[in-house]
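As a plain string of letters, each chain reads:
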Amino acid sequence: QNRIFSGVQPTGNLHLGNYLGAIRNWERLQNDYECIFCLVDLHAITVWQDPAELLRNTREVAAGLIAAGIDPKANVLFIQSQVAEHAELAWVFNCVARIGWMNRMTQFKEKAGKNRENASVGLYAYPTLMAADILLYKATHVPVGEDQKQHLELARDVATKFNNDTGREVFPLPEPLILGEATRVMSLRDGARKMSKSEPSDFSRINMTDDADTIAQKIRKAKTDPEPLPDSVDGLEGRPEAANLVGIYAALSDTTRAAVLAEHGGQTFASFKQALTDLSVSVLGPINARMAELMADPAEIDATLAKGAERARALAAPTMAEVKSALGFLNPT
Ligand code: TYM
């Protein structure tokens, strides 16, 4: 039986990378799979979060997901810290994963930067908590952007080792689902860098809360090269900024980059950027408006998430009992 799990950190604004790399795909998958979507606040605090902002962002990201079409009744939508089994299983996985595996994680190296001695232990252990998120629900498929691929491989390694060590087939091996034409959306200011919440310049990203004028301004200022758009995908080679904008256009309009270039090849960036602005506003505008409506009633959001947590706990508890028994822990009778 197929089951989807995925998560997003409730930090800062959701941006176009989150939307095209993950959330839009979640929205598509919800009709065909049983889906569990999680706001991973335990992951968020691996770097310091101002408490008042974390609280506000948690509600805002929940509103963003619902506004983007994730149905909290048909799916399980909840906050990680409200289901204690995530932290519990993560500890077990800290005892399964090897230090050598963790040392290979590129995201830790990037996020810790030069001053690694001063990074939190949580940032280092981040991937085992992510493995716990997924495996607690015995998820079979995990829709994510390309940047999460290595973490998924670690989750598979953890599952394999746990099953081997205990001699029980507790966990299925989860498969990444990396879908669409924008699996790695790049910064609007630098085609070599990922679009990210932590990038200081707000002009590097389009946020799901940006209004039409802001979107227009950011796209107008986006870095490009002086050549017109090529006629075919081959012509995007060596033109990272052009490739990024074409990929975004393709994903937003549910088509391929080849189809976008068949239509817009030969155009100047000035006119293509106008088309991209119109398209972005037409997709993000309604989501934005719905998000603002939802944010007007935070108590309703909180209640929705509490119901989600209750459903998540009911799914998590039996796995945790199975894990404990496999390890030789005495389950209470
Ligand atoms: P997070 O919060 O950084 O991002 C959420 C999702 O958005 C995708 N994404 C992107 N996709 C394309 N282009 C980009 N520039 C871009 N930036 C972000 C991410 O790949 C992700 O799918 N570790 C995860 C959260 C997590 C998780 C999990 C995911 C925790 N537990 C279990 C899946 C399963 C993260 O930090 O995502």
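Residues numbered from 1 in each chain as written. Predicted model: local features only at pLDDT ≥ 70, side-chain atom pairs only at ≥ 80, totals over all residues. Heavy atoms only, no water.

In the annotation of an unreviewed UniProt entry, the entry for the protein reads Tryptophan--tRNA ligase, and the organism field reads Roseospirillum parvum. Looking at the protein in UniProt, the text filed under Subunit (unreviewed entry) is "Homodimer." (UniProt positions renumbered as here; feature names shortened; annotations may be inferred.)

Here the UniProt feature "short sequence motif: 'HIGH' region" (unreviewed entry) sits at residues 10-18. This span, residues 10-18, is 33% helix and 0% strand, and a straight line between its end C-alpha atoms measures 11 Å. (Helix = DSSP H or I, 4+ residues; strand = E, 2+ residues; numbered from the N terminus.)

Moving on, we get to the state of the cysteines. Counted under the stated rule, the structure contains zero disulfides. Here Cys35 stays unpaired: no disulfide links it, and the sulfur of Cys38, its closest cysteine neighbor, is 13 Å away. (Disulfide = S-S within 2.5 Å.)

As a further point, take the site of the ligand. Taken together, 28 residues are adjacent to the ligand, and Gln9, Tyr126, Asp133, Asp147 and Val185 come closest. Within the backbone of Gln9, an N or O atom sits 2.8 Å from an oxygen atom of the ligand. Within the backbone of Gly145, an N or O atom sits 2.9 Å from an oxygen atom of the ligand. According to the grid-proximity analysis, the pocket containing the ligand is the largest pocket. Counting residues per element, the ones that place at least two in the shell around the ligand are β1 (3-8), α1 (16-29) and α7 (121-136). Of the residues that constitute the shell around the ligand, the class distribution is 12 nonpolar, 11 polar and five charged. (Near = heavy atom within 4 Å. Polar contact = N/O pair within 3.5 Å; in protein donor to acceptor, adjacent residues only side chain to side chain. 1 Å grid on protein atoms, 1.4 Å probe; cavity = no way out; pocket = protein on both sides within 12 Å on 5 of 7 lines; lining within 4 Å. Sits in = over half its atoms within 2 Å of the grid points. Nonpolar A, V, L, I, M, F, W, Y, C, P; charged D, E, K, R; others polar.)

A separate point is the nonpolar core. Ranked by size, the top nonpolar core spans 58 residues in total, and within it Leu16, Tyr19, Leu20 and Leu252 carry the most contacts. Looking at this core element by element, the count peaks at 10 residues for helix α12 (residues 269-295). If we skip the residues at most four places from it in the chain, Tyr19 touches Arg24, Ala68, Met208, Leu252, Val283, Leu284 and Ile287. (Core = buried A, V, L, I, M, F, W, Y, C linked by side-chain atoms within 4.5 Å. Buried < 20%, exposed > 50% of the residue type's maximum accessible area, 1.4 Å probe, protein only. Contact = heavy atoms within 4.5 Å.)

Taken as a whole, the largest pocket holds about 1,400 Å³ of empty space. As for the largest pocket, its lining consists of 50 residues, and the residues nearest its centre are Gln107, Lys111, Asp147, Gln148 and Lys194. When contributions to the lining of the largest pocket are tallied by element, the ones reaching two or more residues are β1, α1, α2 (41-44), α6 (106-112), α7 and β4 (141-143). Each residue belonging to the lining of the largest pocket can be placed in one class, and the counts come to 19 nonpolar, 20 polar and 11 charged. Estimates place the volume of the second largest pocket at around 240 Å³. In this structure, the second largest pocket is lined by Ile66, Pro72, Lys73, Leu294, Glu300, Ile301, Ala303, Thr304, Lys307 and Arg311. In terms of residue count, helix α13 (residues 298-327) provides more of the lining of the second largest pocket than any other element does, six residues in total. For the lining of the second largest pocket, the per-class residue count stands at five nonpolar, one polar and four charged. (Points joined across faces, edges and corners; volume = space filled by probe spheres on them.)

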